[in-house]
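Each chain, written out:
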Amino acid sequence: MRILTGLQPSGKLHVGNYFGAMEPAVKLQEEGDAFYFIANYHAMTTVRDAAELRAYTRELAVDFLACGLDPERSVFFRQSDVPEVNELAWILSTVCPISLLEKCHSYKDKVAKGFSPSHGLFAYPVLMAADILLYDSNQVPVGKDQKQHLEVTRDLAGKINEAYGEGTLVVPEPIIRESVAVVPGLDGQKMSKSYGNTLPLFGEEKPSKKLIMRIKTDSTPVEEPKPVADSLILPLFRLFADEDAYREMVARHESGGTGYGDFKKQLAEAYWDYFAPMRAKREELVSDPGFVDEVLAKGAEKARAAAAITLDRVRQAVGL
């Protein structure tokens, strides 16, 4: 079983990236042939500064390794180090109906929020499909917001197989962990750089804790019970705390007598403690840049070898 995950280097990584993609990816290293890539072609739809893109790409590589990605058990590479993905994207685009892309909510959402309606942003799902299909991926961990794009991938693989022969491309299956598929942001929306509501993965301690202290709450007095269903504190705390600690916080919400400030402080401490081992690992990696370069170079070599097998099969099937 081959598993594939990609992350965009479009800004500082946040808690939503970790729980939505990085943590499940690290766990899946034990379950199959894992391919993980830094989607720097995709990031070009929003990052227009070359130095910034390079810096974000480097930081993502370091962060992913710090969070437990093991280059001995997985293939880790930059998307742009495997140019074959662009050829497969073009081949897929020849069978992709415009109506299929017009239905994608991600494009509509980003344009509504002020992003430039470029061809790259519109055709993003086709390149994403090529990312997945190029490596004969069997399973793809995705958040709920990316499930539609994976359906596009499955549709395009099906169209290629229908036109050029069954088995030309492997049709992948999604892996969605419902409990943390969408990580809440500090404003209650999905945590996203686009919404400016993120909690950094490796930020400075004081600024990060200040962000938590600014989480919006209602005006319920300290002595009164606090609402549980609409809480922004509880779902975030559940990510960092064990089940007993979470149940205790829920009980304290329901019984009253504790203010929101105290709950936020407890959340901030749990968040900071949770990522302490990863921060230590990150410091080691930053001090050894040659190791990171070597990991990416070896990963690109392995990825291109796998890509060549798929692309040769596709080229022969379509008549190239």
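Residues numbered from 1 in each chain as written. Predicted model: local features only at pLDDT ≥ 70, side-chain atom pairs only at ≥ 80, totals over all residues. Heavy atoms only, no water.

J.: Tell me about the packing of aromatic side chains, and name the residues and values.
T.: What the rule picks out here adds up to 19 aromatic pairs. Ring plane angle 85° and centroid distance 4.9 Å describe the contact between Y18 and F19, whose orientation is recorded as edge-to-face. Judged by its relative accessible area of 3%, F19 is buried. A centroid spacing of 5.2 Å and a plane angle of 75° characterise the contact between Y107 and F122, whose relative ring orientation is edge-to-face. Here Y107, found in helix α6 (residues 105-112), pairs with F122, found in helix α7 (residues 119-122); they are 15 residues apart in sequence, far enough to count as distant. (Phe/Tyr/Trp six-rings, centres within 6.5 Å; stacked < 30°, edge-to-face > 60°. Buried < 20%, exposed > 50% of the residue type's maximum accessible area, 1.4 Å probe, protein only. Helix = DSSP H or I, 4+ residues; strand = E, 2+ residues; numbered from the N terminus.)

J.: I'd like a description of the packing of helix α10 (residues 205-213) against helix α13 (residues 260-274), backed by residues and values.
T.: Contact pair α10 / α13: the axes reach a minimum separation of 9 Å and the direction vectors enclose 140°. Taken together, the axes of α10 and α13 lie oblique to each other. In this structure, the crossing between α10 and α13 has a hand that is right-handed. Of the residues in α13, those in contact with E205, S208, K209, I212 and M213 of α10 are G261, K264, K265, L267, A268, E269, Y271 and W272. By residue class, the composition of the contact of α10 with α13 is six nonpolar, two polar and five charged. (Axes fitted to C-alpha atoms, helices over the stretch in contact; angles between N-to-C directions. Parallel < 35°, antiparallel > 145°, perpendicular 65-115°, else oblique. Left-handed = near helix turned anticlockwise from the far one by under 90°. Contact = heavy atoms within 4.5 Å. Nonpolar A, V, L, I, M, F, W, Y, C, P; charged D, E, K, R; others polar.)

J.: Give me the pairing of strand β2 (residues 33-38): which residues, what numbers.
T.: The buried count for β2 comes to five of six residues, which makes it a mostly enclosed element. The sheet contact formed by strand β1 (residues 2-7) and β2 spans six bridges and is parallel. Within β2, the residue paired with I3 across the bridge is A34. Viewed along the sheet, the connection from β1 through helix α1 (residues 15-28) into β2 turns out right-handed. Inspection of the sheet shows β2 paired to strand β3 (residues 74-78) by five bridges, in the parallel sense. Residue pairing for β3: A34 is matched across the bridge by S74. (Pairing = 2+ DSSP bridges. Right-handed = clockwise from strand over helix to strand, strands pointing away.)

J.: Break down the side chain of Q8 for me, citing the residues and quoting the values.
T.: Counting through the fold element by element, Q8 comes out in the loop between β1 and α1. Only 3.4 Å separates the side chain of Q8 from the backbone nitrogen of A43, close enough to count as a polar contact. Here the side chain of Q8 touches Y124 through a polar contact of 3.2 Å, side chain to side chain. Once you skip the residues sitting within four places of it in the chain, Q8 turns out to touch A39, H42, A43, T46, L60, K110 and Y124. (Polar contact = N/O pair within 3.5 Å; in protein donor to acceptor, adjacent residues only side chain to side chain.)

J.: Tell me what's going on with α6, and back it up with residues and numbers.
T.: Among the residues making up α6, those that are buried are S106, Y107 and K110. Along the axis of α6, the buried residues cluster in a sector spanning 100°; they form a single face. (Arc of directions from axis to C-beta.)

J.: An account of the nonpolar core is requested, with residue identities and associated values reported.
T.: Membership of the largest hydrophobic core comes to 54 residues, with the highest contact counts inside it found for V15, F64, F76, F240 and F275. Among the elements that take part in this core, α1 stands out by supplying eight residues, more than any other. The next biggest cluster of nonpolar side chains, apart from the first, holds 44 residues, and it includes F37, F77, A129 and V152. (Core = buried A, V, L, I, M, F, W, Y, C linked by side-chain atoms within 4.5 Å.)

J.: Please set out the side chain of S74 residue by residue, giving values where relevant.
T.: Secondary-structure assignment places S74 in strand β3. Reaching out from S74, the side chain makes a polar contact with the side chain of Q29 at a distance of 3.5 Å. Within polar-contact distance, the side chain of S74 engages the backbone oxygen of D70 at 2.8 Å. Among residues more than four places away in sequence, those in contact with S74 are Q29, A34, Y36 and L69.

J.: I'd like a rundown of empty space enclosed by the protein, residues and numbers included.
T.: A complete count under the given rule lists two cavities of 30 Å³ or more for this structure. Roughly 40 Å³ of internal volume is contained in the largest cavity. Forming the walls of the largest cavity are S106, Y107, K110, L121, Y124, P125 and H149. Of all the secondary-structure elements, those providing two or more residues to the lining of the largest cavity are α6 and α8 (124-133). (1 Å grid on protein atoms, 1.4 Å probe; cavity = no way out; pocket = protein on both sides within 12 Å on 5 of 7 lines; lining within 4 Å. Points joined across faces, edges and corners; volume = space filled by probe spheres on them.)

J.: Could you give me a rundown of the layout of surface pockets, with the residues and numbers involved?
T.: The calculated volume of the second largest pocket comes to roughly 380 Å³. Among the elements that take part in the lining of the second largest pocket, helix α4 (residues 84-93) stands out by supplying four residues, more than any other. Here the lining of the second largest pocket is composed, by residue class, of 12 nonpolar, six polar and no charged.

J.: Go over helix α3 (residues 50-66), please, and point to the residues and values.
T.: Helix length check: α3 (17 residues) gives 24 Å between terminal C-alpha atoms against 24 Å at 1.5 Å per residue, within 8%. Among the residues of α3, the N-terminal cap falls to D49, whose side-chain oxygen and the backbone nitrogen of A51 are separated by 3.1 Å. Phi turns positive one or two residues past the end of α3, at G68, with a value near 115°. (Expected span 1.5 Å × (residues − 1).)

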